[in-house]
Amino acid sequence: MTEKLSSIVKKYDKQKSEYHLKKVSVQEQICKLKQELCEVENSYVGWIDGILIPLTKELMKRKGLKYFEIYGPFGLQCETSIYMSNERKGPSRKGSRGESDIAICDVDTWSLKVHPDMKYRTGKTISRYPKGSIGELNGGNDIYEDLPDDIDEIVKLLEFSKGKENG
């Protein structure tokens, strides 16, 4: 028995219809997954919000401090500074990461400089890069160590800075 053209066309039309239905189904799945991906991406918490702010709040509690601000990240090493104080100048600035506008030069502060890999600046240096070089200007000569797991030990690492006297 020989096949007729109409049956070949009918078979093709069926394949074409199945193709379009499958394509629409896959496109709908892609659209839903893109929407889900967007929601997941928008829920991402960075290390400052997820680690530094909770750590800062715990440090403040242990030191009896009221206010904080976070500056950074800065430079090639993404160093970020935490400043805490019992004094502030006014309400939090727009875009500021913290609870107040601490005039860090004018008030007493406790601070810590931290990297995203949970290392802190020790205050010690080496001579890896020449003075004035990009490496030196971006902290390449600074020595960093891992932050201790014990928060009481981190409290001991805080650097105190006396604010300017109001004269």
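Anything mentioned here points back to the structure above.
Residues numbered from 1 in each chain as written. Predicted model: local features only at pLDDT ≥ 70, side-chain atom pairs only at ≥ 80, totals over all residues. Heavy atoms only, no water.

## What to know about unusual backbone geometry
Turning to step 1, where the next piece is worked out: Here the bond from glycine 72 into proline 73 is cis, since omega is 5 degrees, no more than 30 degrees from zero.
Turning to step 2, where the next piece is worked out: Even without being glycine, cysteine 78 reaches a positive phi, approximately 55 degrees.
Turning to step 3, where the next piece is worked out: Mapped onto the elements of the fold, cysteine 78 is located in the loop between β1 (67-74) and β2 (79-85).
Turning to step 4, where the next piece is worked out: Given a relative accessible area of 33%, cysteine 78 falls into the partly exposed group.
Turning to step 5, where the next piece is worked out: Even without being a glycine, methionine 118 presents a positive backbone phi close to 65 degrees. (Helix = DSSP H or I, 4+ residues; strand = E, 2+ residues; numbered from the N terminus. Buried < 20%, exposed > 50% of the residue type's maximum accessible area, 1.4 Å probe, protein only.)

## Quick notes on the nonpolar core
Turning to step 1, where the next piece is worked out: Leu52, Leu59, Met84, Leu112, Val114 and Leu147 are the most contacted members of the largest nonpolar core, which totals 19 residues.
Turning to step 2, where the next piece is worked out: Those elements that place two or more of their residues in this core are α2 (47-63), β1, β2, β4 (109-114) and α4 (151-157).
Turning to step 3, where the next piece is worked out: Ranked by residue count, the leading element in this core is α2, at seven residues.
Turning to step 4, where the next piece is worked out: Look past the residues within four positions of valine 114 in its chain and what remains in contact with it is Trp47, Leu52, Cys78, Glu79, Thr80, Ile82, Lys119 and Leu147. (Core = buried A, V, L, I, M, F, W, Y, C linked by side-chain atoms within 4.5 Å. Contact = heavy atoms within 4.5 Å.)

## A word on the pairing of β4
Turning to step 1, where the next piece is worked out: Burial runs high along β4: five of the six residues are buried.
Turning to step 2, where the next piece is worked out: Two elements, β2 and β4, share five bridges in a ladder whose sense is antiparallel. Bridge pairing in β4 links serine 81 to lysine 113.
Turning to step 3, where the next piece is worked out: One ladder, built from three bridges, connects β4 with strand β7 (residues 159-161); its direction is antiparallel. Each bridged residue has a counterpart across the sheet, and for tryptophan 110 the counterpart in β7 is phenylalanine 160. (Pairing = 2+ DSSP bridges.)

## Points about the environment of glutamine 29
Turning to step 1, where the next piece is worked out: As for its position among the elements, glutamine 29 is in helix α1 (residues 5-42).
Turning to step 2, where the next piece is worked out: Judged by relative accessible area, glutamine 29 falls into the partly exposed class, the value being 46%.
Turning to step 3, where the next piece is worked out: Sequence separation between glutamine 29 and serine 7 is 22 residues, and the spatial gap between their C-alpha atoms is 33 Å.

## As for the pattern of salt bridges
Side chains bearing opposite charge may pair, as long as their charged atoms lie close to each other.
Turning to step 1, where the next piece is worked out: Taken as a whole, this structure holds ten salt bridges when the rule is applied.
Turning to step 2, where the next piece is worked out: The partner of arginine 62 in a salt bridge is aspartate 152, with the nearest N and O atoms 2.8 Å apart. One end of the pair, arginine 62, is in helix α2; the other, aspartate 152, is in helix α4, with 90 residues separating them in the sequence.
Turning to step 3, where the next piece is worked out: Its relative accessible area of 38% is what places arginine 62 among the partly exposed residues.
Turning to step 4, where the next piece is worked out: Overall, aspartate 152 belongs to the partly exposed group, its relative accessible area being 41%.
Turning to step 5, where the next piece is worked out: For glutamate 79, the salt bridge goes to arginine 121, with nearest N and O atoms at 2.3 Å. On the criterion of sequence distance, the pair formed by glutamate 79 in strand β2 and arginine 121 in strand β5 (residues 119-125) is long-range, its members being 42 residues apart.
Turning to step 6, where the next piece is worked out: Shared partners join several salt bridges into a network, and the residues in it are Glu58, Lys61, Arg62 and Asp152. (Salt bridge = Lys/Arg side-chain N within 4 Å of Asp/Glu carboxyl O.)

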